[in-house]
Amino acid sequence: MSTSTVAPTSPLRIGPHTVQPPVVLAPMAGITNAPFRTLCREFSEGKGLYVSEMITTRALVERNDKTMQLIRFDASETPRSIQLYGVDPVTVGKAVRMIAEEDLADHIDLNFGCPVPKVTRKGGGSALPYKRNLLRAILREAVTGAGDLPVTMKMRKGIDDDHITYLDAGRIAVEEGVTSIALHGRTAAQHYGGTADWDAIARLKEHVPEIPVLGNGDIWSAEDALRMVRETGCDGVVVGRGCLGRPWLFADLVAAFEGRTGARAGGTDGYGVRPTLREVADVMVRHATLLGEWIGDESRGVIDFRKHVAWYLKGFAVGSEMRKRLAITSSLDELRGGLDELDLDQPWPTGADGPRGRTSGNNRVVLPDGWLKDPYDCTGVTEEAELDTSGG
């Protein structure tokens, strides 16, 4: 089926919030801060849902300065969406009640998908759903504490191929009042390697028809998003690495789900926004500028932007020395000056789309001692297992 003949999907309902088109920016540590969310929303004309980077519940409850900055939303952001990480039900409950009582957000997402060792070794992220009773206790505390705020969750298939948890976790989520579930079609052991299992997304949708299911994994283009919905029957998509250095992907996604082609000026066949290097350079400078304004220091903003340089320039004819130079800039003038030395009339390069970010797979998942002995026993998991800083 041609993507041009795909009918627009139904709106996604997250509690009282309508997300149309049903497109969600995945929380990514160090990436989906307020400046990046602003860029993505600008390209989408405010359509979709944009989630904060992961916030640890202990750091929030203790009002850690860095954490309190991370939960700051621009006045134009609506709904305001926070993703929380937690291992201890009591601490998660405190954090959720704090958000609800102090009107810090309009939507709470819970992280059960992070595969990085510093999270899984505490029993958090993608390790946690293996402990069914612990998962249930956390979800119950969160939903109860949230009051009228909708609570959603993001998870992976399981720890590894021998410890698959997503179907059990999905049923528990429904029973505890979770509003929707996002599934990344990989295990924790896969990290970001290999190919995402979209069939698992379809199975979860069949298993929990009571609530929306969103699919995540290997969405690099608007065509990928439409194909995921078509092949799995999911209610929406969650986009992570596909928008690294490509915030204009959200313009493509909106056009695709609305049944339009040529997302904006520069669009070619299909839904693709194909900016020239000059347009990309302008977005890079704006991104770095927004970071500086958010942090309150131009130099620190540009330094924080450095991680994005390679993603923005992927596929363009930019020499290795210039790439290195741009990746160590410390001021907007320095960044702009370096970019102005490039051949900015370069068109969008062939092969510039596709995987970006981390791609390693087949990793040993670091878990607490004895974690896999009993999928129900959660003794020994206390508030001490909580991370005390945010950032995933």
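All chains use their own residue numbering, which begins from 1 and follows the written sequence. Local features in this predicted model are restricted to residues of pLDDT 70 or higher, and side-chain atom pairs are both shown and tallied only at a pLDDT of 80 or more, whereas totals for entire chains, interfaces and linings draw on every residue. Side-chain measures were taken over the full set of non-hydrogen atoms in the model, leaving aside hydrogen atoms and water.

Section: the packing of aromatic side chains
Alright, step 1. Between 30 and 60 degrees the pair is tilted, below 30 it is stacked and above 60 it is edge-to-face, where a pair is any two Phe, Tyr or Trp rings, Trp via its six-membered ring, whose centres lie within 6.5 Å. Tallied over the full model, the rule gives six aromatic pairs.
Alright, step 2. Residues Phe-43 and Trp-248 carry aromatic rings whose centres are separated by 6.2 Å and whose planes lie at 70° to one another, so their mutual orientation is edge-to-face. With Phe-43 in helix H1 (residues 34–44) and Trp-248 in the loop between strand E12 (236–239) and helix H10 (249–257), the pair connects residues that are 205 residues apart, well separated along the chain.
Alright, step 3. Centroid distance Trp-248 to Tyr-312: 6.3 Å. Interplanar angle 45°. Geometry classified as tilted. Of this pair, Trp-248 sits in the loop between E12 and H10 while Tyr-312 sits in helix H13 (residues 309–313); the two residues are 64 residues apart in sequence, bridging distant segments of the chain.
Alright, step 4. The exposure class of Trp-248 is buried, given its relative accessible area of 3%.
Alright, step 5. Put simply, the rings of Phe-43, Trp-248, Phe-305, Tyr-312, Phe-316 and Trp-348 touch in pairs and so form one group of aromatic residues. Runs of H or I in DSSP of at least four residues are treated as helices and runs of E of at least two as strands, each being numbered from the N terminus. Burial classification: accessible surface area is computed with a 1.4 Å probe over protein chains only, and a residue below 20% of its type maximum counts as buried, one above 50% as exposed, and the rest as partly exposed.

What about the sheet that holds strand E7 (residues 151–156)?
Alright, step 1. Should DSSP find at least two bridges between two strands, the strands are taken to pair. Pairing is parallel in the closed barrel, where eight strands are placed in the order E3-E4-E5-E6-E7-E10-E11-E12. Between one strand axis and the next, the sheet turns by 25° as a mean value, whatever way the strands run.
Alright, step 2. Two strands pair when backbone bridges link them, and strand E4 (residues 49–56) and strand E5 (residues 81–85) are joined in this way by four bridges, in the parallel orientation. Within E5, the residue paired with Thr-56 across the bridge is Tyr-85.
Alright, step 3. Every residue pair with non-hydrogen atoms within 4.5 Å of one another is taken to be in contact. Axis definition: a line fitted to C-alpha atoms, limited for helices to the stretch in contact. Angles are taken between N-to-C directions and run from 0 to 180 degrees. Most of the contacts of helix H8 (residues 198–207) go to strand E11 (residues 213–216), to which it runs at about 175°, and overall it touches E7, strand E10 (181–184) and E11.

What about the confidence of the model for the chain?
Alright, step 1. Per-residue pLDDT for the chain has a mean of 90; in total, 89% of the residues score no lower than 70.
Alright, step 2. Every residue gets a pLDDT, meaning the predictor's confidence in that residue, from 0 to 100. Contacts for the low-pLDDT stretch residues 1–5, under 50 throughout, to residues beyond four places or in other chains number six contacts.
Alright, step 3. Of the regions scoring below 50 in pLDDT, residues 262–270 engages in 21 contacts with residues more than four places distant in sequence or in other chains.

A closer look at helix H12 (residues 298–305)
For an α-helix the count is 3.6 residues per turn, leaving residues at separations of three or four pointing the same way.
Alright, step 1. Among all positions in H12, only Gly-301, Val-302 and Phe-305 are buried. One side of H12 carries all its buried residues, which in axial view fall inside an arc of 95°.
Alright, step 2. Those residues of H12 that are buried are in contact with helix H11 (277–295), H13 and helix H15 (332–340).
Alright, step 3. Think of a polar contact as two N or O atoms within 3.5 Å of one another; within protein, one of them needs to be a possible hydrogen donor and the other a possible acceptor, and neighboring residues in sequence only count if both atoms come from side chains. Where H12 begins, the capping side chain belongs to Asp-297, and its oxygen is found 3.1 Å from the backbone nitrogen of Ser-299. The reported arc concerns the directions from the helix axis to the C-beta atoms and nothing else.

Examining the environment of Leu-12
Alright, step 1. Its location among the elements puts Leu-12 in strand E1 (residues 12–14).
Alright, step 2. Along the sequence, Leu-12 and Val-237 sit 225 residues apart, while their C-alpha atoms lie 10.0 Å from each other.
Alright, step 3. Not counting chain neighbours up to four residues away, the residues in contact with Leu-12 comprise His-17, Thr-18, Val-19, Pro-22, Val-24, Pro-212, Leu-214 and Asp-235.

As for H15
Alright, step 1. Residues Leu-332, Leu-335, Gly-338 and Leu-339 constitute the buried set of H15. Along H15, the residues classed as buried sweep out an arc of 135° about the axis, all on the same side.
Alright, step 2. Looking at the buried side of H15, the elements it contacts are H11, H12 and helix H14 (320–326).

Let's talk about the pairing of E12
Alright, step 1. The alternating pattern of E12 places Gly-236 and Val-238 and Val-237 and Val-239 on opposite faces, both of which are buried.
Alright, step 2. Strand direction decides the pairing type here: strand E3 (residues 23–25) and E12, joined by three bridges, are parallel. Across the sheet, the residue bridging to Leu-25 is Val-239, located in E12.
Alright, step 3. Relative to E12, E11 is paired through three bridges, and the arrangement is parallel. From the neighbouring strand, Asn-216 faces E12, where its bridge partner is Val-238.
Alright, step 4. Where the polypeptide runs from E11 across helix H9 (residues 222–232) and back to E12, its parallel neighbour, the crossover connection is right-handed. Handedness rule for crossovers: strands pointing away from the viewer, path from the first strand over the helix to the second running clockwise, crossover right-handed.

Focus: the pattern of salt bridges
Alright, step 1. Salt bridges, as used here, are contacts in which a Lys or Arg side-chain nitrogen is within 4 Å of a carboxyl oxygen on Asp or Glu. Counted under the stated rule, the structure contains 27 salt bridges.
Alright, step 2. Asp-197 is the partner of Lys-157 in a salt bridge, and the nearest nitrogen-oxygen pair spans 3.0 Å. Of the two residues, Lys-157 sits in the loop between E7 and strand E8 (158–160) while Asp-197 sits in the loop between E10 and H8, which places them 40 residues apart along the sequence. An identical accessibility class is assigned to Lys-157 and Asp-197; each is buried.
Alright, step 3. One salt bridge connects Asp-340 with Arg-336, and the closest N-O pair in it is separated by 3.3 Å. Residue Asp-340 and its partner Arg-336 are located together in helix H15, separated by four residues, close to a single helical turn.
Alright, step 4. The structure contains a network of salt bridges with shared partners spanning Arg-136, Arg-140, Glu-175 and Glu-176.

Section: the packing of helix H4 (residues 89–101) against helix H6 (residues 132–146)
Alright, step 1. Where H4 meets H6, the axes come as close as 8 Å, and the angle between the chain directions of the two elements is 20°. Classified by the angle between their axes, H4 and H6 sit roughly parallel to one another. The handedness of the crossing between H4 and H6 comes out as right-handed. Contacts from Pro-89, Val-92, Gly-93, Val-96, Arg-97 and Ala-100 of H4 reach H6 at Leu-134, Ala-137, Ile-138, Glu-141, Ala-142, Gly-145 and Ala-146. An angle below 35 degrees is read as roughly parallel, one above 145 as roughly antiparallel, one from 65 to 115 as roughly perpendicular, and any other as oblique. Crossings are sorted by hand: turned counterclockwise from the far helix by less than a right angle, the near helix makes the crossing left-handed, and turned clockwise it makes it right-handed.

Brief notes about the packing of H8 against H9
Alright, step 1. With their axes 9 Å apart at the nearest point, H8 and H9 run at an angle of 50° to one another. As far as their axial angle goes, H9 and H8 are oblique. As H8 packs across H9, the resulting crossing turns out to be right-handed. Counted together, Trp-198, Ile-201, Ala-202 and Lys-205 of H8 and Asp-224, Arg-227, Met-228, Glu-231 and Thr-232 of H9 form the full contact between these two elements.
Alright, step 2. Residue polarity follows a fixed list, in which Ala, Val, Leu, Ile, Met, Phe, Trp, Tyr, Cys and Pro are nonpolar, Asp, Glu, Lys and Arg are charged, and the others, Gly among them, are polar. A class-by-class count of the residues in the contact of H8 with H9 yields four nonpolar, one polar and four charged.

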